[in-house]
4 protein chains.
Amino acid sequence: VIVAEQASTAKKPLTDVQGTQDTRGVALQHAGVRHVDMPIQVLQKDGKSQTVSALLSMSVGLPHEQKGTHMSRFVVQLADWSQHKVFSVQLREFLQELCQRLDAPSAAVDLEFKYFLSKEAPITKVAAPMGYDVRMQGRLNQGVIEQTLTVKVPMANCCPCSKAISEYGAHNQRALTELVVQLDPNAEASSVVWIEDLIALADESASCPVFPLLKREDEKWVTERQYNNPKFVEDVARDASVALRNKSGILGFTVTVEAFESIHGHNAWASYSEPVSL
Amino acid sequence: VIVAEQASTAKKPLTDVQGTQDTRGVALQHAGVRHVDMPIQVLQKDGKSQTVSALLSMSVGLPHEQKGTHMSRFVVQLADWSQHKVFSVQLREFLQELCQRLDAPSAAVDLEFKYFLSKEAPITKVAAPMGYDVRMQGRLNQGVIEQTLTVKVPMANCCPCSKAISEYGAHNQRALTELVVQLDPNAEASSVVWIEDLIALADESASCPVFPLLKREDEKWVTERQYNNPKFVEDVARDASVALRNKSGILGFTVTVEAFESIHGHNAWASYSEPVSL
Amino acid sequence: VIVAEQASTAKKPLTDVQGTQDTRGVALQHAGVRHVDMPIQVLQKDGKSQTVSALLSMSVGLPHEQKGTHMSRFVVQLADWSQHKVFSVQLREFLQELCQRLDAPSAAVDLEFKYFLSKEAPITKVAAPMGYDVRMQGRLNQGVIEQTLTVKVPMANCCPCSKAISEYGAHNQRALTELVVQLDPNAEASSVVWIEDLIALADESASCPVFPLLKREDEKWVTERQYNNPKFVEDVARDASVALRNKSGILGFTVTVEAFESIHGHNAWASYSEPVSL
Amino acid sequence: VIVAEQASTAKKPLTDVQGTQDTRGVALQHAGVRHVDMPIQVLQKDGKSQTVSALLSMSVGLPHEQKGTHMSRFVVQLADWSQHKVFSVQLREFLQELCQRLDAPSAAVDLEFKYFLSKEAPITKVAAPMGYDVRMQGRLNQGVIEQTLTVKVPMANCCPCSKAISEYGAHNQRALTELVVQLDPNAEASSVVWIEDLIALADESASCPVFPLLKREDEKWVTERQYNNPKFVEDVARDASVALRNKSGILGFTVTVEAFESIHGHNAWASYSEPVSL
């Protein structure tokens, strides 16, 4: 164990350099910590919570006259939440606390983690956990909050052109649907958007969902379903977009679909954002 | 060599599935190819060009009534440019050609590559190439072009607080300054922003630039310079922002500085965007 | 919800293609699944366990006469362990079960995850979790087991040359010590190597450890300690190697130290393996 | 431009700290630089060369009595080769020069880059460059050289089980064949293994190769060929292994095949190494 015997007798005062005046006239939108790993609790739609291994970025707005922020306070708050609180897509409480601890006009947080859902095979119903990349971002500025939820859902994607022109077979491949949703902070409880909702929406837009565990009768079903349901990346993007248009609790969204083409070394992609001015 | 002897006698017509009508009412902003590797020529500020290994994304806008785009045409154009043209930060010609080939209302391109500059050591002047991550993005929509240039510049970053409170030494570390610049498409030739300009601007904002090759007398200079010039990530972000404010040929910018702290396992960061509404 | 209404009336039998005979005379060392995400429990040195988000690879040896393995059985076992068992560096039980489920002569597993330890600041003793990259690999072949434990520990690294030649200051930077240890499967309980042991060993080899949370008096101590304790990557590699040589429960090791130099855009590194024939 | 006006009047001598004596008794196998970006020339099979953007690691063995190596000399040699020499899979000359410059008993180099080949579509013969991940590693120790060439080749992979049990269609996906080949340093010129040879060998082992550019008649051919040629990852690994067994100029190899399953979020893989004791 390393002990602190080498600490010198303090001759210099422990000056608060961060607290000195700045004269450049640049009010930074973000000053904080990034690439922080932390185990946290995330609220599930079923009311339980799960432990995830999060990668975080946190920041506060820094007024133009203040030289620096106090980096250690971010980790103090995060370590406290890691032990005692549960994160949900509603990040207001976390951001308000950050504004207070740092005496800041705005605060932002960005969390990325692997989120697990138990998923059943279509015929045999055998189940196993499946991991999804999830990102939750929030910014509170002068009391106004913006919150974004991103979910990446792998799927099977079967090419309509290949099916139409070939005597047999059709090239298909794994693809990834990314849904980025701007949440309505004033949504009623019944309209709150959950990670689980976005995964289900993406699965329904695919040629066929993918599964963690498939027995032979499941594999037959999956093969035939994707062949019966060919879609370009453009089709998947449009189907997911139509579904999101009809979903409440959302102020805007971006759908991006990327297929790891089995006929090319590169990918095909399509993307749609609404409102269109985004 | 694999020969085509297995091709079946075509019984099905080679239908143009992409060309059929779509009724969902979703005009996609992007449909195209992604993660395409291609060697290309990039124009340097000195008028010469260098071969870079680019990772590209390309897309066109897809009108709501059109089912799919023609993915092969992107690669046809890219392969042609790879052989016969030189890319610069001015992407209008490339995007106009893409709109024409795909008969599309809009087109976008995103290029990422390692760009090399020869850099001299501060005292001995020994030189070697140094690689920088560069990204060029452009979108042409109904004749209006938006162009963004991103450059990531590694640097040395020395902590003012650590220097102020310690009897000797100061913790320092490698950091990364990312400059994202929205280019003015109507800039005069004398105001065009070059990759080289942004690297120089980032170097001047650092505690000390980093170098590919240093002899002992250079290392002494670099060590003393960063100790004499301590800066928080907030300081570097502000100094780079002030410099970009005074630069012509730019409609807006984002500066992000991230320090790989030598006292933590996580990073410190600061970011500033202008215009502030961005 | 997607229901299975499209499943065709089975006309084809659900043939076991994997079970057919192979004649190429190639007994594969590995056939299995890769890049599987799964939440698992990992045993801590203090006897408790923590939930980690693991990325796994699993495989079995495939005899030359067997065409394929049964991919779903890997996930069945993994999902079961995810819910009911605790992983430790001792992987024999997991691998024996895999050999049995797959009726295989050998089995291998590779787990990577972020592992968290609470770490105290050197002076103020404020604590927060810190995440470390950990990898556990095992292979059981004809009853003989090989087990490897890898831990990556970030640290502060101060350059002795820079300190010696400069009037003031010394360049330092974050560095990463990777310890790969081949575990003795016959080690007594008192000699078992824990993740915690390797992190402590790496911390003691550094110019100074890094911390998740530091107050100003801690930052002063850390700054002065690394300045008082300059080490080349070669020194850190040697100090860690000498410590590992003296550690029981180990059959061999590789130490790799990589410094993210604050004077260059590239890194310095050193590596040592024992036994030397490795 | 940053000028060197801040250099202090040298009071300290520019000591060669690296040259001092070490007493720990640890002769490091590797001390050097890592993650160096450099444009280099690579020799093609057709006798021409191409410019690639390489990521390099270089090192020398460090005798137990020597404290440190001279990091700048690696970059001096690399910058020189970048301008004046052509790299091939034969790395002896580069490594001998490294031993001499560093006065070292052994030297190693590891180069990774994207390598481009023009590839024709199967029916229309339209061509475009396609990029492959290539790695060349070499180590010269007391005059004995070991050289390894690694090539990663994307391909189409169609599942035999899915085809056998489904009424129509078969799931397929992009997969990656990685060939790692230990080169015979005494191979005659006619037996030298080229990057191009390994790409061709991997393509022949696939259900179907992938292409940079396909017109509709090509897509039909590719779809039908992969359906006619279903292979498990185990099959691809075995076919590539049999082909490598019959290839001269090789001392050993590892084939690893990984399929990005379109029915799962995780991958299937198989691997074979020869000699088996590897």
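Here, every reference points to the structure presented above.
As a starting point, this report considers the structure included with it. Since the structure is predicted, the reported quantities are computational estimates derived from the model, not experimental observations. (Residues numbered from 1 in each chain as written. Chains lettered and ligands numbered in written order. Predicted model: local features only at pLDDT ≥ 70, side-chain atom pairs only at ≥ 80, totals over all residues. Heavy atoms only, no water.)

A few points about the pattern of salt bridges
Across all of its chains, the model carries 76 salt bridges over all chains by this definition. One salt bridge in this structure joins Asp110(A) and Arg135(A), with 2.5 Å as the shortest N-O distance. In this pair, Asp110(A) is assigned in strand β4 (residues 106-120) and Arg135(A) in strand β5 (residues 127-141), connecting sequence segments 25 residues apart. We classify Asp110(A) as buried; its relative accessible area is 13%. Arg135(A) sits in the partly exposed class, given a relative accessible area of 29%. Notably, a salt bridge pairs Asp235(C) with Arg24(D), separated by 2.5 Å at the nearest N-O pair. With Asp235(C) in helix α6 (residues 233-245) and Arg24(D) in the segment before β1 (28-43), this pair bridges two chains. Accessibility expressed as a relative area gives 2% for Asp235(C), which makes it buried. Linked by salt bridges that have partners in common, Asp22(A), Arg24(A), Lys67(A), Lys231(B), Asp235(B), Arg238(B) and Asp239(B) make up one network. (Salt bridge = Lys/Arg side-chain N within 4 Å of Asp/Glu carboxyl O. Helix = DSSP H or I, 4+ residues; strand = E, 2+ residues; numbered from the N terminus. Buried < 20%, exposed > 50% of the residue type's maximum accessible area, 1.4 Å probe, protein only.)

Some thoughts on the relation of the copies chain B and chain A
Superposition of the two copies of the chain requires a rotation about an axis and a shift along the axis. In screw terms, the move from chain B to chain A is a rotation of 180° and a rise of 0.0 Å along the axis, fitting with an RMSD of 0.0 Å. The relationship between the two copies is best expressed as a two-fold rotation axis. Most of the interface of chain B is mirrored in chain A, where 100% of its interface residues are also at the interface. (Least-squares fit on C-alpha atoms with pLDDT ≥ 70 in both. Contact = heavy atoms within 4.5 Å.)

Regarding the interface of chain B and chain A
The partner chain A presents 66 residues to the 66 residues of chain B that form the contact. Of the roughly 5200 Å² buried where chain B meets chain A, counting both sides, 52% is carbon and sulfur surface. Its largest share of buried area at the contact with chain A, chain B owes to Arg34(B), Arg238(B) and Trp269(B), together 17% of the area lost on that side. Put simply, chain B and chain A have 10 salt bridges between them. Counting every contact that joins chain B to chain A gives 42 residue pairs in polar contact (both at pLDDT 80 or more). (Buried area = accessible area lost by both parts, 1.4 Å probe. Polar contact = N/O pair within 3.5 Å; in protein donor to acceptor, adjacent residues only side chain to side chain.)

A word on the packing of helix α1 (residues 71-84) of chain D against helix α2 (residues 92-102) of chain D
What describes two packed helices is the angle between their axes and the distance between those same axes. Residues and elements named next belong to chain D. Where α1 meets α2, the closest approach of the two axes is 10 Å, and the angle between their N-to-C directions is 145°. Note that α1 runs across α2; the crossing there is right-handed. For the pair α1 and α2, the contacting residues are Arg73, Phe74, Val76, Gln77, Leu78, Asp80 and Trp81 in the first and Glu93, Phe94, Glu97, Leu98, Arg101 and Leu102 in the second. Looking at the contact of α1 with α2, its residues break down into seven nonpolar, one polar and five charged. (Axes fitted to C-alpha atoms, helices over the stretch in contact; angles between N-to-C directions. Left-handed = near helix turned anticlockwise from the far one by under 90°. Nonpolar A, V, L, I, M, F, W, Y, C, P; charged D, E, K, R; others polar.)

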